[in-house]
Amino acid sequence: MTELQRLLLAYDRHRAEARPCALATVVEVLGSAYRRPGARMLVTEDGELTGAISGGCLEGDARQRARQAIFRGQPALVTYDTRDEDDPRHGLGPGCQGVVRILLEPLDFTAPDNPVELLRGFAQHPEPAVLATVFETDTSGLKAAVGQRVLLSAAGALRGSPLLAGPLAGAARATLAQGLSQVLDIETDAGPVRALLEVLVPPLRLVVYGAGNDAQPLVHLAASLGWHITVVDGRPNLATAARFPEAAEVRIVPVRELETQVPDAGAYHVLLSHNYAYDLAALQTLLPTAAPYIGLLGPRAKAGRLLEELELPAAETADLLQNRLHSPIGLDFGSETPEEIALAIVAEIQAQRHQRNGRPLRERVGTVHAPLVPLMASAAGAAG
């Protein structure tokens, strides 16, 4: 379950119980911080928390301030400077060495476009989107207000504040095209505003070919990351929902029917069938697509034999092995057990999705969180 799914479930429970709550959102980070803009935490009037805005150092103070926002019925913007060793609010000492700005907003359960309902709108339509959130405005009494939002989907659908829809939507479209979240100062008819334009990307879709025992820890681990998982196998005794309760779908597809299937070209695919004919049939359907990742369990010799049998041109084979076909599958963790192999596979997919090299962070040049490529590059297939 993703953080967003957990937040929506908690919100629905609080609404049903008529428990007032507020949303805390990281809207800007200067320097280093544990969480990035877009991290959220739901706070009830009596202090129950869902989600996280830091590694635990800011939650206590933010909880109290969120409860104050609920009592006052007004949003508040709080700045935490973790570079300040004498700041008693978080007690970090040297800490993360960054400035974190948190927007605290009491939620109106009756408002169809409150921030949680806008996030629900994104979750109900699995396509990339941008959520623009105003967190600073001109103080001259103009109509722009902290907390006003606009949600723009990849298909062009627009929800949110009518007053700021035009200028925020224009900035959101540019952000969606770029694929990187950003904070911008934007001129509007209601005055200048400072807004977080957050790129929202649907959960990664994973298709696992093979329903053996080693697929179970892989599905379990992938599901813990909130990925949308489909399991495909031709054996009815193995391909069952009871064996894979965390999978969104479990499909029984005999080998002779694989070639009639239309693969999900935006998904990441893992071949764990332990059956040469099944792997061959799956590869035949996957290779003509634009699937960004095809992982094949087994030694290099097996992959070489499969590619020879498919009679691909040498240049196409080299390109596959360089970019999309991963065999042996997984990062080099020294994995032996099914659980360790699952970890290696999931780690490689995560690295491939963000075009990282899987090396230790201490060897990374530059900041830890800065993406090497736009997130939208890996989500493009998710929209189609």
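Rules of the game
- Residues numbered from 1 in each chain as written.
- Predicted model: local features only at pLDDT ≥ 70, side-chain atom pairs only at ≥ 80, totals over all residues.
- Heavy atoms only, no water.
- pLDDT = per-residue confidence, 0-100.
- Contact = heavy atoms within 4.5 Å.
- Helix = DSSP H or I, 4+ residues; strand = E, 2+ residues; numbered from the N terminus.
- Expected span 1.5 Å × (residues − 1).
- Buried < 20%, exposed > 50% of the residue type's maximum accessible area, 1.4 Å probe, protein only.
- Arc of directions from axis to C-beta.
- Phe/Tyr/Trp six-rings, centres within 6.5 Å; stacked < 30°, edge-to-face > 60°.
- Lys NZ or Arg CZ within 6 Å of the ring centre and 35° of its normal.
- Salt bridge = Lys/Arg side-chain N within 4 Å of Asp/Glu carboxyl O.

Taken residue by residue, the protein chain gives an average pLDDT of 88. The fraction at 70 or more is 90%. Within the model, pLDDT remains below 50 along residues 90-94, and this stretch shows 13 contacts once partners closer than five positions in the same chain are excluded. In this model, residues 372-384 is a region of pLDDT below 50 whose contacts with residues beyond four sequence positions or in other chains number 30 contacts.

Here we come to helix α4 (residues 165-178). Taking 1.5 Å of rise per residue, 14 residues should cover 20 Å, and α4 covers 19 Å from first to last C-alpha, within 8% of that figure. Those residues of α4 not exposed but buried are Ala 165, Leu 168, Ala 169, Ala 171, Ala 172, Thr 175 and Leu 176. All buried residues of α4 fall inside an arc of 165° around its axis, so they share one side. Opposite the packed face of α4, turned more than 90 degrees from it, sit the exposed residues Gly 166 and Ala 177. Backbone geometry just downstream of α4 places Gly 179 in the positive-phi region, at approximately 85°.

All right, on to the packing of aromatic side chains then. For the coordinates displayed, the defined rule picks out two aromatic pairs. Between Tyr 11 and Phe 109, the aromatic rings sit 5.4 Å apart at their centres with planes inclined by 65°, giving edge-to-face as the arrangement. Here Tyr 11 is found in helix α1 (residues 3-16), whereas its partner Phe 109 is found in the loop between β5 (98-106) and α3 (115-123), with 98 residues between them in sequence. Over the ring of Tyr 276 we find Arg 305; its NZ or CZ atom is 4.1 Å from the centre of that ring.

To continue, consider unusual backbone geometry. Residue Pro 328 is bonded to the preceding Ser 327 through a cis peptide linkage, with omega at 0°. Notably, His 274 is not glycine yet its phi reads approximately 60°, a positive angle. Summarising the element assignment, His 274 is placed in the loop between β14 (268-271) and α7 (276-286). Residue class for His 274 comes out exposed when judged on its relative accessible area of 56%.

Another aspect to go through is the pattern of salt bridges. Applying the stated criterion across every chain, the model contains 22 salt bridges. As a salt-bridge pair, Glu 117 and Arg 15 come within 3.1 Å of each other at their nearest N and O atoms. Pair noted here: Glu 117 is in helix α3 and Arg 15 is in helix α1, with a separation of 102 residues, a long-range link. Here Arg 194 makes a salt bridge to Glu 28, at a shortest N to O gap of 2.5 Å. Here Arg 194 is found in strand β10 (residues 191-200), whereas its partner Glu 28 is found in strand β1 (residues 21-31), with 166 residues between them in sequence. Residue class for Arg 194 comes out buried when judged on its relative accessible area of 19%. A single salt-bridge network, built from bridges that share partners, covers Arg 13, Glu 17, Arg 19, Asp 46 and Glu 48.

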